Amino acid sequence: MTAYILILDDDADVATAAQLLLRRRYGQVATLSDPAGLPALLARGVPDVVLLDLNFTPGRINGAEGLALMDVLRTQARPPAVIAMTAYADVPLAVEALKRGAGDFITKPWDNARLIAAVDQALARRQAVHGAAAGSPELMGESRAMRELKALIASVAPTEANVMVLGENGVGKELVARAIHAASRRAAGTMLAVDMGALPESTFESELFGHRRGSFTDARSDRAGRFQAARGGSLFLDEIGNMPLAAQAKLLTALERREVTPIGADKPEAIDVRIISATNLDEARLFDPSVFRADLLFRLNTIVIRVPPLRERREDVPLLLAHYLKMYESQYQRPSREVAAVAMDALTRHDWPGNVRALRHACERAVILGQGAEYAVADFGLATAPAAPLGYPPHAEVSGGESVDRAAAAAPATDATLDAIERAAIAATLAQFNGNISHAAKTLGISRAALYRKLGKHGI
Ligand SMILES: Nc1ncnc2c1ncn2[C@@H]1O[C@H](COP(=O)(O)OP(=O)(O)OP(=O)(O)O)[C@@H](O)[C@H]1O
């Protein structure tokens with residue numbers, strides 16, 4: 001989903017971790033550590049969602065600073081959705097933040113899946129209030145492949161059929177899912193997105209099916225699962241190919257019975273959601289029963305939509321460049337510039353291993369760094385094919401769809417500092433899993449959050 005998220009937190013580590021996590025999903029994420037900069041930032045554009053720390057001055061825990069900022073945000077013509085954050089699980093403060101208009105409240109350190117769910121829900125609520133979806137969810141492209149894709153979406157959307165969207169990282173699978181929901185009979189309901197690859201097995205059932213108060217130590221109140229929260233709407237199950245087999249079995253049972261039983265409940269609850277799922281697994285892996293259960297696959301893939309990689313629809317590159325350059329020029333208040341003819345040629349011939357997401361990031365970079373009267377190819381920071389010193393495949397895709405930088409990837413061979421080795425190991429693992437963060441983190445033996453932090457640290 002494309003949206004503009006602002007993280008307002010004086011703790012740079014917290015802000016960076018959240019930024020890395022959210023940028024991959026929503027595209028445009030700004031951070032601000034000093035609330036004094038807020039008016040200037042709002043003058044450049046109002047975010048869709050603000051993650052707001054309630055305490056800025058060290059030692060302060062009454063939340064007064066954050067609550068005052070909420071009043072500033074609330075007076076905007078099109079106020080952002082606010083998710084209040086605090087390191088202190090302080091219920092009265094949470095209630096006060098909610099009274100002043102926060103839509104949700106999370107405590108630090110957060111669980112990544114929870115944070116994403118909170119942002120998704122905030123965006124969905126805002127969309128319900130303001131009509132048009134936040135950001136620019138429009139599926140752009142006039143190539144034949146994109147026109148066929150849009151026609152398929154239009155014919156499939158009004159049915160109740162479950163849809164599985166396939167394609168590489170960053171091709172626009174979530175945009176396709178949103179387009180299906182928006183054109184469906186369920187459009188008035190919400191579309192909730194769940195990153196199935198990021199759901200820890202221990203909380204899988206509680207997140208999806210909900211729980212009753214007291215059913216386990218942390219269950220302090222009744223909580224609806226995503227299936228119940230998306231009632232009447234659509235549930236977007238992202239990264240479905242990364243689900244452990246045990247979780248697949250639980251999901252299958254829910255879909256077969258069309259009901260779920262919250263943990264601790266004695267009665268099942270009927271579900272009323274349309275399932276749209278997505279994965280970047282190639283079809284050979286998806287049809288491998290040791291990776292994905294065939295019976296679940298057949299429940300999910302009544303209709304399959306394949307989103308082609310950008311290199312198979314190069315005609316769309318100029319349009320996408322124009323769109324994202326304009327968007328970032330306006331966000332960063334830079335003059336409008338043309339792309340030089342040679343640069344356009346190189347960008348159109350580029351393979352874009354990270355697809356549209358990588359193109360979008362390249363545009364942001366060009367707008368920030370480009371100094372000439374026109375954009376030059378160097379402004380976009382395209383990686384050349386890596387020299388593969390450690391057996392990397394060419395154009396190895398890494399987080400956010402950028403490519404492994406040749407010099408950095410080659411570093412360990414000659415100058416094996418611990419940092420360089422770590423960077424190379426991360427790049428190689430990401431390449432091995434085609435940029436899939438969940439799998440790479442698992443193989444490296446670290447959490448997804450830790451991997452995101454390391455990606456930021458190494459500038460990958
Ligand atoms: N056709 C398109 N027009 C405009 N923007 C697009 C298009 N396709 C993708 N994007 C943008 O590229 C980014 C990635 O899109 P999206 O999240 O839908 O991809 P995805 O295939 O779901 O990625 P992943 O598999 O990595 O989760 C988003 O910022 C999205 O807005």
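What you are looking at is a predicted structure, and each value in this text was computed from that prediction instead of being measured. (Residues numbered from 1 in each chain as written. Predicted model: local features only at pLDDT ≥ 70, side-chain atom pairs only at ≥ 80, totals over all residues.)

What to know about the UniProt feature "modified residue: 4-aspartylphosphate" (unreviewed entry) in the protein
Here the UniProt-annotated "modified residue: 4-aspartylphosphate" (unreviewed entry) positions come out as Asp-53. Among the secondary structure elements, Asp-53 is positioned in strand β3 (residues 49–53). A residue is classified by how many C-beta atoms lie within 10 Å of it, and Asp-53, with 23 of them, is buried. Each residue touching Asp-53, except ones within four places of it in the same chain, is listed here: Leu-8, Asp-9, Asp-10, Gly-66, Met-85 and Thr-86. (UniProt positions renumbered as here; feature names shortened; annotations may be inferred. Helix = DSSP H or I, 4+ residues; strand = E, 2+ residues; numbered from the N terminus. Buried ≥ 20, exposed ≤ 12 C-beta atoms within 10 Å, placed from the backbone. Contact = placed C-beta atoms within 7 Å.)

With respect to helix α7 (residues 173–182)
The element α7 is extensively covered by neighbouring structure, given that 9 of its 10 residues are classed as buried. Taken together, the buried positions of α7 are Lys-173, Glu-174, Leu-175, Val-176, Ala-177, Arg-178, Ala-179, Ile-180 and His-181. Where the residues of α7 are buried, they touch α6 (144–156), β6 (163–166), β7 (191–195), β10 (234–238), β13 (274–279) and β14 (303–306).

Here's the deal with the site of the ligand
With respect to spatial proximity, 18 residues lie near the ligand, and among them Met-140, Gly-172, Lys-173, Glu-174 and Val-356 are the closest. Elements that contribute at least two residues to the shell around the ligand include exactly α7 and α15 (355–369). Residue composition of the shell around the ligand, by class: 6 nonpolar, 8 polar and 4 charged. Residue-level mapping places the shell around the ligand at the junction of two domains, with at least three residues from each of domain 2 (144–308) and domain 3 (311–380). (Near = placed C-beta within 6 Å. Nonpolar A, V, L, I, M, F, W, Y, C, P; charged D, E, K, R; others polar. Domains from an automatic or database assignment.)

Describing the pairing of β7
Within β7, 5 of the 5 residues are buried, which leaves the element mostly enclosed by the surrounding structure. Of the two faces of β7, the one holding Met-191, Ala-193 and Asp-195 and the one holding Leu-192 and Val-194 are both buried throughout. Sheet topology note: the β7/β10 ladder contains 5 bridges and is parallel. If you follow Ala-193 over to β10, its bridge partner there is Phe-236. (Pairing = 2+ DSSP bridges.)

A look at the packing of helix α13 (residues 317–331) against helix α14 (residues 341–349)
Contact geometry for α13 and α14: axes closest at 9 Å, N-to-C directions at 115 degrees. Overall, the two elements α13 and α14 adopt an arrangement that is roughly perpendicular. At the point where α13 passes α14, the crossing takes the right-handed sense. In this structure, α13 uses Val-317, Pro-318 and Leu-321 to contact α14, whose residues at the interface are Met-344, Leu-347 and Thr-348. Here the contact of α13 with α14 is composed, by residue class, of 5 nonpolar, 1 polar and no charged. (Axes fitted to C-alpha atoms, helices over the stretch in contact; angles between N-to-C directions. Parallel < 35°, antiparallel > 145°, perpendicular 65-115°, else oblique. Left-handed = near helix turned anticlockwise from the far one by under 90°.)

So, unusual backbone geometry
Unlike most non-glycine residues, Arg-258 shows phi in positive territory, near 55 degrees. Counting through the fold element by element, Arg-258 comes out in the loop between α10 (245–257) and β11 (259–260). Residue classification places Arg-258 among the exposed residues on the basis of 12 C-beta atoms within 10 Å. A positive phi angle is found at Trp-352, which is not glycine, with a value near 45 degrees.

Brief notes about the environment of Ala-18
Residue position: Ala-18 is located in helix α1 (residues 12–26). Along the primary structure Ala-18 and Asn-112 are separated by 94 residues, whereas in three dimensions their C-alpha atoms are 8.6 Å apart. For Ala-18, the contacting residues outside a window of four places in its chain are Ile-7 and Leu-51.

Some words on the sheet that holds β13
Taken together, the 5 strands give an open sheet; going across it, the order is β7-β10-β13-β6-β14, and neighbouring strands pair in parallel fashion. Two strands close off the open sheet at either side, each with one partner strand: β7 and β14. Across the sheet, the mean angle separating the axes of adjacent strands is 20 degrees when strand polarity is ignored.

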